[in-house]
Amino acid sequence: KAGVTQTPRYLIKTRGQQVTLSCSPISGHRSVSWYQQTPGQGLQFLFEYFSETQRNKGNFPGRFSGRQFSNSRSEMNVSTLELGDSALYLCASSLMDSGANVLTFGAGSRLTVL
Amino acid sequence: AQSVAQPEDQVNVAEGNPLTVKCTYSVSGNPYLFWYVQYPNRGLQFLLKYITGDNLVKGSYGFEAEFNKSQTSFHLKKPSALVSDSALYFCAVRDDSSASKIIFGSGTRLSIRP
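Points about the overall build of chain B
So, point 1. The helix and strand inventory of chain B stands at zero helices and 12 strands.
So, point 2. Computed over its C-alpha atoms, the radius of gyration of chain B comes to 13 Å, within 12% of the 13 Å expected for a compact globule of 114 residues.
So, point 3. In terms of its C-alpha atoms, chain B occupies a principal-axis envelope of roughly 40 × 30 × 25 Å.
So, point 4. In chain B, which comprises 114 residues, the proportion classed as buried is 50%.
So, point 5. Here the analysis covers contacts within chain B between residues at least 6 apart in sequence; of these, 54% occur between residues at least 24 apart.

Section: the state of the cysteines
So, point 1. As enumerated under the stated definition, the model contains two disulfides over all chains in all.
So, point 2. Across a sulfur-sulfur distance of 1.8 Å, A:Cys23 and A:Cys91 are joined as a disulfide pair. On the sign convention where negative is left-handed, the bridge of A:Cys23 and A:Cys91, at about -60 degrees about the S-S bond, is left-handed. Here A:Cys23 is found in strand β3 (residues 19-24), whereas its partner A:Cys91 is found in strand β9 (residues 87-94), with 68 residues between them in sequence. Note on accessibility: A:Cys23 and A:Cys91 belong to one class, buried.
So, point 3. For B:Cys23, the disulfide goes to B:Cys91, at an S-S distance of 1.9 Å. Residues B:Cys23 and B:Cys91 are joined by a disulfide whose S-S torsion is about -60 degrees; by sign, that bridge is left-handed. Separated by 68 residues along the polypeptide, B:Cys23 in the loop between β3 (19-21) and β4 (24-26) and B:Cys91 in strand β10 (residues 87-94) bring together distant segments of the chain.

Thoughts on the interface of chain B and chain A
So, point 1. Taken together, the contact between chain B and chain A spans 21 residues of the former and 24 residues of the latter.
So, point 2. Roughly 1,700 Å² is buried in total at the junction of chain B and chain A, and carbon and sulfur atoms are behind 55% of that figure.
So, point 3. In this assembly, chain B and chain A are joined by zero salt bridges.
So, point 4. Mapped onto the side of chain B that touches chain A, the elements with two or more residues apiece are β5 (33-38), β6 (44-50), β10 and β11 (102-104) of chain B.

So, the side chain of A:Ser31
Residue and element names in this part refer to chain A.
So, point 1. Here serine 31 shows up in strand β4 (residues 31-38).
So, point 2. Serine 31 sits in the buried class, given a relative accessible area of 0%.
So, point 3. Among the polar contacts listed, one links the side chain of serine 31 to the side chain of glutamate 48, at a separation of 3.3 Å.

As for the pattern of salt bridges
Residue and element names in this part refer to chain A.
So, point 1. Taken as a whole and judged by the stated rule, the model has seven salt bridges over all chains.
So, point 2. With its nearest N and O atoms 2.8 Å apart, the salt bridge here joins arginine 63 to aspartate 85. Here aspartate 85 lies in the loop between β8 (74-78) and β9 and arginine 63 lies in the loop between β6 (53-57) and β7 (64-68), a separation of 22 residues in the sequence. With respect to burial, arginine 63 and aspartate 85 carry one shared label: buried.
So, point 3. What you see here is one network of salt bridges that share partners, running through Arg63, Glu82 and Asp85.

What counts, and where the lines are drawn
- Residues numbered from 1 in each chain as written.
- Chains lettered and ligands numbered in written order.
- Predicted model: local features only at pLDDT ≥ 70, side-chain atom pairs only at ≥ 80, totals over all residues.
- Heavy atoms only, no water.
- Helix = DSSP H or I, 4+ residues; strand = E, 2+ residues; numbered from the N terminus.
- Rg over C-alpha atoms; globule rule 2.2 N^0.38 Å.
- Buried < 20%, exposed > 50% of the residue type's maximum accessible area, 1.4 Å probe, protein only.
- Contact = heavy atoms within 4.5 Å.
- Disulfide = S-S within 2.5 Å.
- Buried area = accessible area lost by both parts, 1.4 Å probe.
- Salt bridge = Lys/Arg side-chain N within 4 Å of Asp/Glu carboxyl O.
- Polar contact = N/O pair within 3.5 Å; in protein donor to acceptor, adjacent residues only side chain to side chain.

Below, the structure written as structure tokens:
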């Protein structure tokens, strides 16, 4: 069973550019969540998608957006990049059951903004 | 709002000794608690979770966690540490808005010396 796949693994951008990150969840998982990990702020929740609908959004500016496709694959986009956006972006998928879902994480996309 | 706190940034243990990584929680309603581990350049991996039932939860790689309602704690433990256990450990709690929205603690770096 393939795991959660994130692409690209590493990328370098300059301030003002935009970036799109991709996430392919585990087959059968319909929920996809995104997290930002930085040394200073730790793991912060960005958004969660289920059946192409955003169900939850974290406390991030509107420059951060995402979407989910009918095959459950998800993308997140960051526009007008700032230095502070440099981080490891983690995607996780889960079955949308009640109770306590276990998240399965991808290896992450490491974004460096120069 | 749900939250977890990890009071120790780093824990150092000698190989073969027992280890404890501390976590306290604050929730409204039933606590759904998790432990995840992150190895270098990897995404997070699920270790164990508490939903209800026995206060001692057993997980992967010989880890276990003790749920204590009166102390609102969920400490991670292992009877005998291995050098390979060295990693970053995150305590987490399910948000009350969604089964797939997980709020993570700040993380504790566990270092096992040979």
